[in-house]
Amino acid sequence: MDRQTTAIRPEHRFDTNNLKRYLSGRLDSITGNSTLTLQQYRAGQSNPTFYIETADKRYVLRKKPPGELLPGAHKIDREYAVQKALYSVGFPVPHPMLYCMDTHVIGTEFYIMEHVQVSTWTKQYKASAHKEIPAMDKLSDWLSHNLPTNDNEVSLVHGDFRIDNLIFHPTEARVLAVLDWELSTTGQPIADLAYFLMPHYWPSHYKIISTMGGITGVKGIPSPEDLISIYCHCRGIPNSLPQQNFFIAMAFFKMAAIAQGIYSRHLLGNASSLNAAEFEESVEPSAELGLQIALSSKLAMPISDELFMLSPKGQAVLHHVKEFMRKHVLPAQQEVKEYYAKHKDTPERWHTPAVIEELKAKARAAGLWNLFLPAESGLSQLDYAHIAEETGRCFYAPEVFNCQAPDTGNMEVLHLFGTEEQKRLWLEPLLRGDIRSCFCMTEPDVASSDATNMECILHKDKDHFIINGKKWWSSGAGNPKCEIAIVMCRSKSLDSNSDRHGLHSMILVPLNTPGVKKIRPLTVFSQDDAIHGGHFEIHFDNVRVPASNILLGEGRGFEIAQGRLGPGRLHHCMRAVGLAEWALELLCQRAARRQAFGKRLYQHEVVAHWIAECRIAISQSRLLTLHAAQTLDTQGNKTARKQIAMIKVVAGRMVTKVVDCAIQVYGGAGVSDDFPLAEMYAYARTLRIADGPDEVHLSSIALLELRDQRRRAQAKL
């Protein structure tokens, strides 16, 4: 139920025991001992819709919403009556089982219908079959036993969606009308796409319905992979179709059932088509081909999805995030931009714009909150990697979902290493989004590429620690809601002769503690990055905090850092992939519209090569990052160290190159504030320094590779 249903929302809850008592005896599969599982469909803005599952049956419940309703609105009695009438004459709609006018059962009127995928077409075929066709029986059985486990998405389905039911504009590349809605119903929208794709899977020698012959290899016709990619892009869903072979096979089963029905009408003498007799020849070949597809392995799928498939829940959440981004986040970009322009030189600049706060409330209400943390979201790092790519397409999107750095890393630290009291005081309000945080590690007076150089000192005084030192690039510290910092210090009390990675500690420091001074915001290419809370220089002057604020224990700072930076670097890299996709879109748009020296920009070989190189670089980075995410999920942080170091280098270089190419295509506009490319470049170039410069990661990769090569050599001896 992960794909399109949720737990029943509070405002729509009702007494399920009352419902079970009412249905007991009215529906054959429900008795007093039955167990009912109820979920609510995400879709359905008018009448709330619910999925009901028993031990052996599935139903759909539609009800009126609670509260006062407008006169004439939410007429589910009319909806039930229409559906019942259609069903009674053999129209392909779900079977309406019963209607309840008694509002004492669940608080409103409601009706129950069957949950349909295959049964309607099976019944239609059997009613019209003139002979036994084993392939049809086998295909019907296979479809019935292989229903998609997350088949809960409901929309208007055309039912006969194909090219010859489309009217095209005579001179423009657009559709004027979609005809022939006699088979329309509600159901899974992918069914229409699968039906549309059927001709691609027909061998040219098959004598199928004359107007729908095979089109494989016909010049100008997009491939199934291209059509699926376009479909997924337009709908904002992952670039793959779960159980694609099921939907293609069902399309062939449906076509065979339709052909059988037409031939049956010919036998009865009431067929409207002159060639109705020919349809007999289509039934068995269609069924055989459908069965072949059903029993085959997965159909063609993009390599990234094939190798690094999201979990069912990950797919559902990613789809929801994309829809939320499209409907709410991206349309607010201009308002956010205007806010920061208006408050450029005022203290309000450091506040979160009201529109972002509103979006955060909507995202939390929609359950799209704290997606980065597996313990909270139930998502894997691989799942979240895909989601992080999507949020990378907008500068403030991670904050909308409470997935912004450095809060994500700090929450991971508190979750993994915090005491119960530390979690209560700081993790819980961070997870709620009530407060913000910063991370203080880099220092202005030492080469911070070697973190053991840090000079910020921590020493113990009875039941307190006292901190002295300077930090900078403390991201997020400018936001007024930033209340807590995790500070990395060198512990003065530890033996200086011990391992240099065992001398440092992390400690929680509330920013209102006496002695904590925010000195100044730093700028990135002359911009203060207020949208992310800025990057501040902070001084700690005899800052005194309770000893209970230490994380994990003295001397364990680098141990914590490794746990913090692994997932955090992964998230940065996938956001970089998303930003690069955004930049490449802008590049292609400009190259297609602008003309120079008598040609469109993309027609100049150098620009065409930039586009190709950018696509290659983005795809390579995505695959490498997804591999790192998978390694992190399956083998842990320590094993994934090399993969994470590799993506940290690759992603930063890639996104810098892509944005730089886009700037070059835009010319002077590319470095202006009229387009987001200059801001993108500032982020991209910074990524090659943040969380360790490329050169440090390259050295680590080399050492890890030498170690792995040595182990392989020893294994051969």
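Residues numbered from 1 in each chain as written. Predicted model: local features only at pLDDT ≥ 70, side-chain atom pairs only at ≥ 80, totals over all residues. Heavy atoms only, no water.

## Notes on the overall build of the chain
Here comes step 1: For the chain, the helix and strand inventory stands at 22 helices and 19 strands.
Here comes step 2: Taking all contacts inside the chain whose residues are at least 6 apart in sequence as the whole, residues at least 24 apart take part in 71%.
Here comes step 3: A total accessible area of about 34000 Å² is found for the chain, and carbon and sulfur atoms account for 53% of it. (Helix = DSSP H or I, 4+ residues; strand = E, 2+ residues; numbered from the N terminus. Contact = heavy atoms within 4.5 Å. Areas by Shrake-Rupley, 256 points an atom, 1.4 Å probe, with all protein chains shown as cover.)

## As for the packing of aromatic side chains
Here comes step 1: For the structure shown, the criterion picks out 13 aromatic pairs.
Here comes step 2: Where tyrosine 80 meets tyrosine 99, the ring centres are 5.3 Å apart and the plane angle is 40°; that geometry is what we call tilted. Of this pair, tyrosine 80 sits in helix α2 (residues 76–88) while tyrosine 99 sits in strand β5 (residues 96–100), and the two are 19 residues apart along the sequence. Like tyrosine 80, the residue tyrosine 99 is buried in the burial classification.
Here comes step 3: An aromatic cluster of at least three residues, connected via ring pairs, comprises Tyr80, Tyr99 and Tyr111.
Here comes step 4: If you follow lysine 254 out to its NZ or CZ, it ends over the ring of tyrosine 195, 4.8 Å from the centre.
Here comes step 5: The ring of phenylalanine 536 carries lysine 518 above its face, with NZ or CZ at 5.9 Å from the centroid. (Phe/Tyr/Trp six-rings, centres within 6.5 Å; stacked < 30°, edge-to-face > 60°. Buried < 20%, exposed > 50% of the residue type's maximum accessible area, 1.4 Å probe, protein only. Lys NZ or Arg CZ within 6 Å of the ring centre and 35° of its normal.)

## Some remarks on the confidence of the model for the chain
Here comes step 1: Averaged over every residue, the pLDDT of the chain is 84; residues scoring 70 or more account for 86%.
Here comes step 2: Low pLDDT, under 50, characterises residues 209–213; the stretch is placed with 14 contacts to residues that sit more than four places away or in other chains.
Here comes step 3: Low pLDDT, under 50, characterises residues 297–306; the stretch is placed with 20 contacts to residues that sit more than four places away or in other chains. (pLDDT = per-residue confidence, 0-100.)

## Regarding the packing of helix α14 (residues 381–391) against helix α18 (residues 557–593)
Here comes step 1: As a packed pair, α14 and α18 sit with axes 6 Å apart at the nearest point and diverge in direction by 40°. It follows that α14 is oblique to α18 by the angle criterion. Helix-helix and strand crossings are classified by hand; for α14 and α18 the assignment is right-handed. Facing α14, whose interface residues are Gln381, Tyr384, Ala385, His386, Ala388, Glu389 and Thr391, α18 presents Pro567, Leu570, His571, Met574, Arg575, Val577, Gly578 and Glu581. (Axes fitted to C-alpha atoms, helices over the stretch in contact; angles between N-to-C directions. Parallel < 35°, antiparallel > 145°, perpendicular 65-115°, else oblique. Left-handed = near helix turned anticlockwise from the far one by under 90°.)

## Some points on the side chain of glutamine 40
Here comes step 1: For glutamine 40, the position within the fold is in strand β2 (residues 37–41).
Here comes step 2: You can call glutamine 40 buried: its relative accessible area is 1%.
Here comes step 3: Here arginine 9 takes part through its backbone nitrogen, which lies 3.0 Å from a polar atom of the side chain of glutamine 40.
Here comes step 4: For glutamine 40, the side chain forms a polar contact with the side chain of histidine 12, separated by 2.8 Å. (Polar contact = N/O pair within 3.5 Å; in protein donor to acceptor, adjacent residues only side chain to side chain.)

## Section: the sheet that holds strand β3 (residues 49–53)
Here comes step 1: The strand order across the open sheet formed by six strands is β1-β2-β3-β4-β6-β5, and the pairing between neighbours is antiparallel. Looking at the sheet topology across the chains shown, the edges are occupied by β1 (5–6) and β5.
Here comes step 2: Where β1 meets β2, two bridges bridge the pair, whose relative direction is antiparallel. The partner of threonine 6 across the bridge, within β2, is glutamine 40.
Here comes step 3: Across the sheet, helix α1 (residues 16–23) lies against β2, β3, β4 (58–63), β5 and β6 (110–114), angled at about 115° from β5, the strand it touches most. (Pairing = 2+ DSSP bridges.)

## So, a positive patch on the surface
Here comes step 1: A contiguous patch of positive charge, built from Lys638, Arg641, Arg710 and Arg711, is present on the exposed surface.
Here comes step 2: Positionally, arginine 641 belongs in helix α20 (residues 641–666). (Patch = residues over 30% accessible without salt bridge, like charges linked within 9 Å, V, L, I, M, F, W, Y side chains within 5 Å. Salt bridge = Lys/Arg side-chain N within 4 Å of Asp/Glu carboxyl O. Lys, Arg positive; Asp, Glu negative; His and termini not counted. Charge placed at Lys NZ, Arg CZ, Asp CG, Glu CD.)

## Observations concerning helix α19 (residues 605–635)
Here comes step 1: The end-to-end C-alpha distance of α19, which contains 31 residues, comes to 44 Å, matching closely the 45 Å that a straight helix rising 1.5 Å per residue would cover.
Here comes step 2: Along α19, the positions that sit buried rather than exposed are Val607, Cys614, Ala617, Ile618, Ser621, Arg622, Thr625, Leu626, Ala628, Ala629, Thr631 and Leu632.
Here comes step 3: Positive phi appears at glycine 636, one or two residues downstream of α19, with a value of about 95°. (Expected span 1.5 Å × (residues − 1).)

## What to know about the packing of α18 against α20
Here comes step 1: At a closest axis distance of 8 Å, the pairing of α18 and α20 adopts a crossing angle of 25°. Judged by the inter-axis angle, α18 sits roughly parallel to α20. The interaxial crossing formed by α18 with α20 has left-handed handedness.
Here comes step 2: Class assignment of the residues belonging to the contact of α18 with α20 gives a composition of 22 nonpolar, two polar and four charged. (Nonpolar A, V, L, I, M, F, W, Y, C, P; charged D, E, K, R; others polar.)

## Describing a nonpolar patch on the surface
Here comes step 1: There is a patch of nonpolar side chains on the surface, built from Ile163, Phe168, Val175 and Ile221 and spanning about 320 Å² of accessible area.
Here comes step 2: Along the chain, the position of valine 175 falls in strand β9 (residues 175–178).
Here comes step 3: Residue classification places valine 175 among the partly exposed residues on the basis of a relative accessible area of 39%.

## With respect to the nonpolar core
Here comes step 1: In terms of nonpolar packing, the biggest core is built from 119 residues, with Tyr396, Phe401, Ile467 and Ile507 touching the most fellow members.
Here comes step 2: No other element matches α18, which puts 16 residues into this core.
Here comes step 3: Setting aside its immediate chain neighbours within four residues, tyrosine 396 contacts Val329, Ala332, Gln333, Val336, Ile356, Leu359 and Ile531.
Here comes step 4: Core analysis: the second largest hydrophobic core is formed by 40 residues, Ile190, Met250, Ala251 and Val283 among them. (Core = buried A, V, L, I, M, F, W, Y, C linked by side-chain atoms within 4.5 Å.)

## Let's talk about the environment of valine 317
Here comes step 1: As for its placement among the helices and strands, valine 317 is situated in helix α10 (residues 312–329).
Here comes step 2: In contact with valine 317, not counting residues within four places along its chain, are Leu368, Leu371, Leu379 and Ile387.

## A look at the pairing of strand β15 (residues 504–510)
Here comes step 1: Along β15, seven of the seven residues are buried, which leaves the element largely enclosed by surrounding structure.
Here comes step 2: Side-chain alternation along β15 places His504, Met506, Leu508 and Pro510 on one buried face and Ser505, Ile507 and Val509 on a second face that is also buried.
Here comes step 3: Bridge analysis of strand β14 (residues 482–491) against β15 gives seven bridges, and the strand direction is antiparallel. Bridge pairing in β15 links cysteine 489 to serine 505.

## Considerations on the state of the cysteines
Here comes step 1: Under the defined criterion, the tally for this structure stands at zero disulfides.
Here comes step 2: We note that cysteine 482 lacks a disulfide partner, and the nearest cysteine sulfur, in cysteine 438, lies 4.0 Å from it.
Here comes step 3: With relative accessibility at 6%, the residue cysteine 482 sits in the buried group.
Here comes step 4: Cysteine 614 supplies the cysteine sulfur nearest to cysteine 661, a cysteine that is in no disulfide, at a spacing of 4.1 Å.
Here comes step 5: Take cysteine 661: its relative accessible area is 8%, and that puts it in the buried class. (Disulfide = S-S within 2.5 Å.)

## Considerations on the pattern of salt bridges
Here comes step 1: This structure, assessed with the given rule, holds 31 salt bridges.
Here comes step 2: The salt bridge partner of arginine 520 is glutamate 537, with a shortest N-O separation of 2.8 Å. Highlighted residues: arginine 520 in strand β16 (residues 516–522) and glutamate 537 in strand β17 (residues 535–546), separated in sequence by 17 residues.
Here comes step 3: In this structure, arginine 688 and aspartate 694 form a salt bridge, with 2.8 Å as the shortest nitrogen-oxygen distance.
Here comes step 4: The class for arginine 688 is partly exposed, based on a relative accessible area of 23%.
Here comes step 5: According to the relative accessible area criterion, aspartate 694 is buried, its value standing at 1%.
Here comes step 6: What emerges from the salt-bridge pattern is a single network uniting Glu357, Lys360, Glu399, Asp407, Arg436 and Lys481.

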